[in-house]
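Now for the letters of each chain:
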Amino acid sequence: MSAVANPATVGECLRVGAGFSQGDRNWIAEQFATLDARLAGFHADATELEVSVKDREARGQKVTLECWIAGRQKIVTTSTEEDLHAALNDVRDDLRRKLNDAKTRQEPRNNKHLRDIPQPQGETDPIDEAPARADAETA
C-alpha cells in the first residue's frame, strides 16, 4: 500500500450533526479514536465523517455515522442502542467492519478484474523449462 502524505484522522475529518453540539465533538472523537488506524490509508482531504443522533436520550434514539471517501460509495452505519455511549461504540465498530470489507473487496484475491492481469511476454513458468526426463527403462 502506498503511503499517504496527509492521512485521515477522526479528529480532522469528524463533523457533528443533528443532536450533538460542538462541545460533544471532542468526547465523540475520543470514542472514535480507534478508527484512526483504519482511516490512515485515505487522504484527509478526501475523507469526511459525520455523526448525528435523532431523539437523543429518548427511548427511540437513533445514532447515525456516515463516511464519505473520495472514489468510494458512502458508508452509513446506524444504531438504536438506548445508551448513547453504547450506540456510538456500535456505529464505530460497524464502520470499521465495513471499511475492512470494502478493502477486502478491492484486493486482487477477491476482485476478478484485478486478479486477471495477464503475465508479461517473455516470462515463462520454471516448470515448463525443466528438461525432458528420460525414462529409466529406455535409457
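As a convention, each chain's residues are numbered from 1 in the sequence order in which they are written. Totals for whole chains, interfaces and linings use every residue, but because this is a predicted model, local features are given only for residues with pLDDT of at least 70 and side-chain atom pairs only at 80 or more, for both listing and counting. Only hydrogens and water are removed before side-chain values are computed, so all heavy atoms of the structure are retained for them.

Here we look at the environment of Arg56
We apply this condition: Secondary structure elements follow DSSP: runs of H or I no shorter than four residues count as helices, runs of E no shorter than two count as strands, and numbering proceeds from the N terminus. Here, two residues are considered to be in contact whenever any of their heavy atoms come within 4.5 Å of each other. For this analysis, a polar contact is any N or O atom pair within 3.5 Å, provided that within protein one partner can donate a hydrogen and the other can accept it, and provided that sequence-adjacent residues contribute only side-chain to side-chain pairs.
Turning to its location among the elements, Arg56 is positioned in the loop between β2 (47-54) and β3 (62-69). Sequence separation of Arg56 and Gly19 is 37 residues, and the distance between their C-alpha atoms is 6.3 Å. Excluding anything up to four places from it in sequence, Arg56 contacts Gly19, Phe20, Asp24, Gln61 and Leu84. Among the polar contacts listed, one links the side chain of Arg56 to the backbone oxygen of Gly19, at a separation of 3.1 Å. Within the structure, the side chain of Arg56 is placed 2.8 Å from the side chain of Asp24, a separation counted as a polar contact.

Notes on helix α2 (residues 22-31)
For clarity, the cut-off: Relative accessible area decides the class of each residue, using a 1.4 Å probe on protein chains only: under 20% of the type maximum gives buried, over 50% gives exposed, and in between gives partly exposed. It is the directions from the helix axis to the C-beta atoms that the arc portrays.
Every buried residue of α2 is listed here: Asp24, Arg25, Ile28, Ala29 and Gln31. Mapping the buried residues of α2 onto a view down its axis gives an arc of 145°, with all of them on the same face. Exposed residues pointing more than 90 degrees away from the buried face of α2 are listed as Gly23, Asn26 and Glu30.

Considering the pattern of salt bridges
Quick note on the threshold: For salt bridges, the criterion is a side-chain nitrogen of Lys or Arg within 4 Å of an Asp or Glu carboxyl oxygen.
In the structure shown here, the tally under the stated rule is eight salt bridges. The shortest N-O distance in the salt bridge between Lys74 and Glu66 comes to 3.0 Å. In this structure, Asp93 engages Arg92 in a salt bridge whose closest nitrogen and oxygen atoms are separated by 3.0 Å. When salt bridges with common partners are traced through the structure, they connect Arg15, Glu48 and Glu50 into a single cluster.

Some details on a negative patch on the surface
Put simply, the rule is: Only residues whose relative accessible area exceeds 30% and that form no salt bridge are eligible for patches; like-charged ones are grouped when within 9 Å, while nonpolar side chains (Val, Leu, Ile, Met, Phe, Trp, Tyr) are grouped when within 5 Å. Here the open area of atoms and residues is found with the Shrake-Rupley method and a 1.4 Å probe, where only the protein chains shown may cover a residue. Only four residue types enter the tally: Lys and Arg on the positive side, Asp and Glu on the negative side; His and the chain ends are excluded. Where a charge lies is defined by one atom per residue type, namely NZ (Lys), CZ (Arg), CG (Asp) and CD (Glu).
A contiguous patch of negative charge on the surface is contributed by Glu81, Glu82, Asp83 and Asp90. Residue position: Glu81 is located in the loop between β4 (75-79) and α4 (84-106).

What about the nonpolar core?
Our working definition: Think of a nonpolar core as a cluster: buried Ala, Val, Leu, Ile, Met, Phe, Trp, Tyr and Cys residues, connected wherever their side-chain atoms sit within 4.5 Å.
With 27 residues, the main nonpolar core has Phe32 and Val51 as its most contacted residues. Take this core: its biggest share by element is six residues, from α4. Phe32 has contacts with Val10, Leu14, Val51, Leu65, Leu88, Val91 and Arg92, leaving out every residue within four places of it along the chain.

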